[in-house]
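# Chains, contacts and geometry: an overview
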Amino acid sequence: MDTLFSTKKVITFFVEPLGLILLLFVIGLYFLYKSSNVKAKFFLSLSLFLLLFFSYPPVGNFLIQQLESQYTKYSYKDTNIEFIHVLGSGHHENNLWPLSSQIGNTSLKRTLEGVTIYKKLNRSDIKLIFTGYAGPNNKIPNAKMNARIAQIVGINNYNIIIDGKPKDTKEESIFTKSIVNNRPFILVTSASHMPRAIKLFKDSGLNPIAAPTDFKGKNISFLSLPNIGSLEKSRNAMHELLGIAWAYLVR
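Attention in this report is confined to the structure presented alongside it.

## Re the pairing of strand β1 (residues 83-86)
Residues F83 and H85 line one face of β1 and the alternating positions I84 and V86 line the opposite face, and both faces are buried. Where β1 lies against strand β2 (residues 127-131), four bridges are found, and the strand directions are parallel. Bridge pairing in β2 places V86 opposite F130. Note that β1 and strand β4 (residues 184-190) share three bridges and pair parallel. Bridging from a neighbouring strand, I84 pairs with I186 of β4.

Right, here's the structure in full:
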């Protein structure tokens, strides 16, 4: 399973914008070294074009808005909810940093949204589910790090369920299935990740209610210059679109 997971990550990197650009650039350098100038110019020019294209703010925002616009913020219309599942994301352990700095922005926003919904529903029988593994560079699972934020703001340990084993969204859905079964529950994740998450959870026989957060899409002027932030939005969007395509292929 670890080999398959690692292989999937490597393949994904090289078909996402940054990995694809680097691959084309390396191919261009190879042909330049071989004195094949026409091919070298083609691949080097293509890599530069894609870098500028995916870094152009209107492109990055358009791509990510196609995903984020599919679900709106949670409406608090559901009265019989027993579970709120907050999906994992990244963190970086460093005992010299406060907890708020160790948790990534995405993890923090997902956790705060889950806690906010829990507080507003104001029922002591609701369980907050946190999932997510430690990653290659940490010892503590992301699920446990996120749960610590919930504990800090006053959520009782009795109302928190932690599983630090799932490595991806599919594994998270399998764990939740063992607890929730077919009962409806609130699913909290980033707005751009929500379409893929909803599909994977429904494919596992679950009934999630979307509560998206961490919106990034904005209306940007066409006169904006390329920047790293927009390249990251393009990467994020392409990662999710590829994930959705993969989910259809392996279902």
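From this point, things continue past the structure.
## Some remarks on the packing of helix α3 (residues 37-55) against helix α10 (residues 228-250)
Packed helices, taken two at a time, are described by their axes: the angle between them and the distance between them. Running from N to C, α3 and α10 cross one another at 90°; their axes reach a closest spacing of 7 Å. Of the possible angle classes, the one that applies to α3 and α10 is roughly perpendicular. In this structure, α3 uses L51, F54 and S55 to contact α10, whose residues at the interface are S230, L231, S234 and M238. Split by residue class, the contact of α3 with α10 holds four nonpolar, three polar and no charged.

## A look at the pattern of salt bridges
Taken as a whole and judged by the stated rule, the model has eight salt bridges. A salt bridge links D214 to K109; its shortest N-O distance comes to 3.4 Å. Of this pair, D214 sits in the loop between β5 (207-213) and α10 while K109 sits in helix α6 (residues 105-121), and the two are 105 residues apart along the sequence. Classification of D214 by relative accessible area gives buried; the value is 6%. R123 is the partner of D125 in a salt bridge, and the nearest nitrogen-oxygen pair spans 2.9 Å. On the basis of relative accessibility, which here comes to 41%, the residue D125 falls in the partly exposed class.

## Some thoughts on the sheet that holds β5
Read across the sheet, five strands follow the order β3-β2-β1-β4-β5 without closing on themselves; strand pairing throughout is parallel. At either end of the open sheet lies a strand with only one pairing partner, and these are β3 (160-163) and β5. Taking the axes of each pair of neighbouring strands and ignoring which way they run, one obtains an average angle of 25° across the sheet. Relative to the sheet, helix α7 (residues 142-152) contacts β2 and β3, its axis offset from that of β3 by approximately 160°.

## Some words on unusual backbone geometry
Despite not being glycine, S35 has its phi angle at roughly 65°, a positive value. Among the secondary structure elements, S35 is positioned in the loop between α2 (17-33) and α3. Its relative accessible area of 57% is what places S35 among the exposed residues. The phi dihedral of N181 falls on the positive side, at around 60°, and the residue is not glycine. Locating N181 in the fold gives a position in the loop between α8 (169-180) and β4.

## A word on α6
In an α-helix, one turn spans 3.6 residues, which is why side chains three or four residues apart end up on the same side. For α6, built from 17 residues, the straight-helix expectation of 24 Å at 1.5 Å per residue is met to within 8% by its first-to-last C-alpha distance of 24 Å. If you check which residues of α6 are buried, you get S107, R110, T111, E113, G114, V115, I117, Y118 and L121. For α6, the secondary structure elements touched by its buried residues are β1, β2, α7, β4 and β5. At the C-terminal side of α6, N122 shows a positive phi close to 55°.

Reading the values: rules and limits
Residues numbered from 1 in each chain as written. Predicted model: local features only at pLDDT ≥ 70, side-chain atom pairs only at ≥ 80, totals over all residues. Heavy atoms only, no water. Buried < 20%, exposed > 50% of the residue type's maximum accessible area, 1.4 Å probe, protein only. Helix = DSSP H or I, 4+ residues; strand = E, 2+ residues; numbered from the N terminus. Pairing = 2+ DSSP bridges. Axes fitted to C-alpha atoms, helices over the stretch in contact; angles between N-to-C directions. Parallel < 35°, antiparallel > 145°, perpendicular 65-115°, else oblique. Contact = heavy atoms within 4.5 Å. Nonpolar A, V, L, I, M, F, W, Y, C, P; charged D, E, K, R; others polar. Salt bridge = Lys/Arg side-chain N within 4 Å of Asp/Glu carboxyl O. Expected span 1.5 Å × (residues − 1).

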